[in-house]
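Structural characterization, general
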Amino acid sequence: MGISHLSILGASSEAEVVGVCDTSKMVNDFLSRYGNFNCFTDYKKMIEQVKPDAVVVAVPTKFHYTVIKDLLEKDIHVFAEKPFCLKVEEGKELVRF
């Protein structure tokens, strides 16, 4: 889904993609070569280096809570794939940000 969201963002004149994070070397190599993106394998390093205003979270659902919480704690806007979280309690905690 991340590639799909990247394509949509790339078509928008109002969005600037400042970084892409994926654990796949093949995906990162392709995107950096043909898309000229700043690619990272660690989202924490990405947000530290490129300081995004917003992040699209399209990771496996079991990682949603941790990644979204890290972003919200840094006042970064989040668009997350569904489901938001696997546990109701985690979702309730995150919507309080």
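What comes next concerns the included structure. (Residues numbered from 1 in each chain as written. Predicted model: local features only at pLDDT ≥ 70, side-chain atom pairs only at ≥ 80, totals over all residues. Heavy atoms only, no water.)

A few points about the environment of Asn28
When you line up the elements, Asn28 lands in helix α2 (residues 25-34). In this structure, the C-alpha to C-alpha distance between Asn28 and Asp42, residues 14 residues apart in sequence, is 12 Å. Setting aside its immediate chain neighbours within four residues, Asn28 contacts Asp22, Cys39, Phe40 and Thr41. Reaching out from Asn28, the side chain makes a polar contact with the backbone oxygen of Phe40 at a distance of 3.3 Å. (Helix = DSSP H or I, 4+ residues; strand = E, 2+ residues; numbered from the N terminus. Contact = heavy atoms within 4.5 Å. Polar contact = N/O pair within 3.5 Å; in protein donor to acceptor, adjacent residues only side chain to side chain.)

Structural notes on helix α4 (residues 64-73)
Within α4, 7 of the 10 residues are buried, which leaves the element mostly enclosed by the surrounding structure. Within α4 the residues assigned to the buried category are His64, Tyr65, Val67, Ile68, Asp70, Leu71 and Leu72. Positive phi appears at Asp75, one or two residues downstream of α4, with a value of about 60 degrees. (Buried < 20%, exposed > 50% of the residue type's maximum accessible area, 1.4 Å probe, protein only.)

As for the packing of helix α3 (residues 43-50) against α4
One way to put it is that α3 packs onto α4 with a least axis distance of 11 Å and a crossing angle of 20 degrees. In this view, α3 runs roughly parallel relative to α4, as classed from their interaxial angle. Here the hand of the crossing between α3 and α4 comes out right-handed. Across the interface between the two elements, Tyr43, Lys44 and Ile47 from α3 touch Thr66, Val67, Asp70 and Leu71 from α4. Here the residues of the contact of α3 with α4 are counted per class, giving 4 nonpolar, 1 polar and 2 charged. (Axes fitted to C-alpha atoms, helices over the stretch in contact; angles between N-to-C directions. Parallel < 35°, antiparallel > 145°, perpendicular 65-115°, else oblique. Left-handed = near helix turned anticlockwise from the far one by under 90°. Nonpolar A, V, L, I, M, F, W, Y, C, P; charged D, E, K, R; others polar.)

Observations regarding the layout of surface pockets
By volume, the largest pocket amounts to about 1000 Å³. Looking at the largest pocket, it is lined by 37 residues, and the ones nearest its centre are Val20, Cys21, Met46, Val55 and Val56. Here the lining of the largest pocket gets 5 residues from one element, more than from any other, and that element is helix α1 (residues 2-10). Partitioning the lining of the largest pocket into residue classes produces 27 nonpolar, 5 polar and 5 charged. (1 Å grid on protein atoms, 1.4 Å probe; cavity = no way out; pocket = protein on both sides within 12 Å on 5 of 7 lines; lining within 4 Å. Points joined across faces, edges and corners; volume = space filled by probe spheres on them.)

Points about the side chain of Glu81
With respect to the element layout, Glu81 can be found in the loop between β4 (77-80) and α5 (88-95). Nearest to the buried, unbridged Glu81 among oppositely charged side chains is Lys82, at 7.2 Å. Engagement of the side chain of Glu81 in a polar contact is seen with the side chain of His5, the distance being 2.3 Å. Beyond its immediate stretch of four places on either side in the chain, Glu81 contacts Met1, His5, Val57, Ala58 and His64. (Lys, Arg positive; Asp, Glu negative; His and termini not counted. Salt bridge = Lys/Arg side-chain N within 4 Å of Asp/Glu carboxyl O.)

Examining a nonpolar patch on the surface
Taken together, the side chains of Leu9, Val56 and Phe79 make up a nonpolar region of the molecular surface, amounting to roughly 230 Å² of accessible area. Topologically, Val56 is positioned in strand β3 (residues 54-57). Assessed through its relative accessible area of 33%, Val56 is described here as partly exposed. (Patch = residues over 30% accessible without salt bridge, like charges linked within 9 Å, V, L, I, M, F, W, Y side chains within 5 Å. Areas by Shrake-Rupley, 256 points an atom, 1.4 Å probe, with all protein chains shown as cover.)

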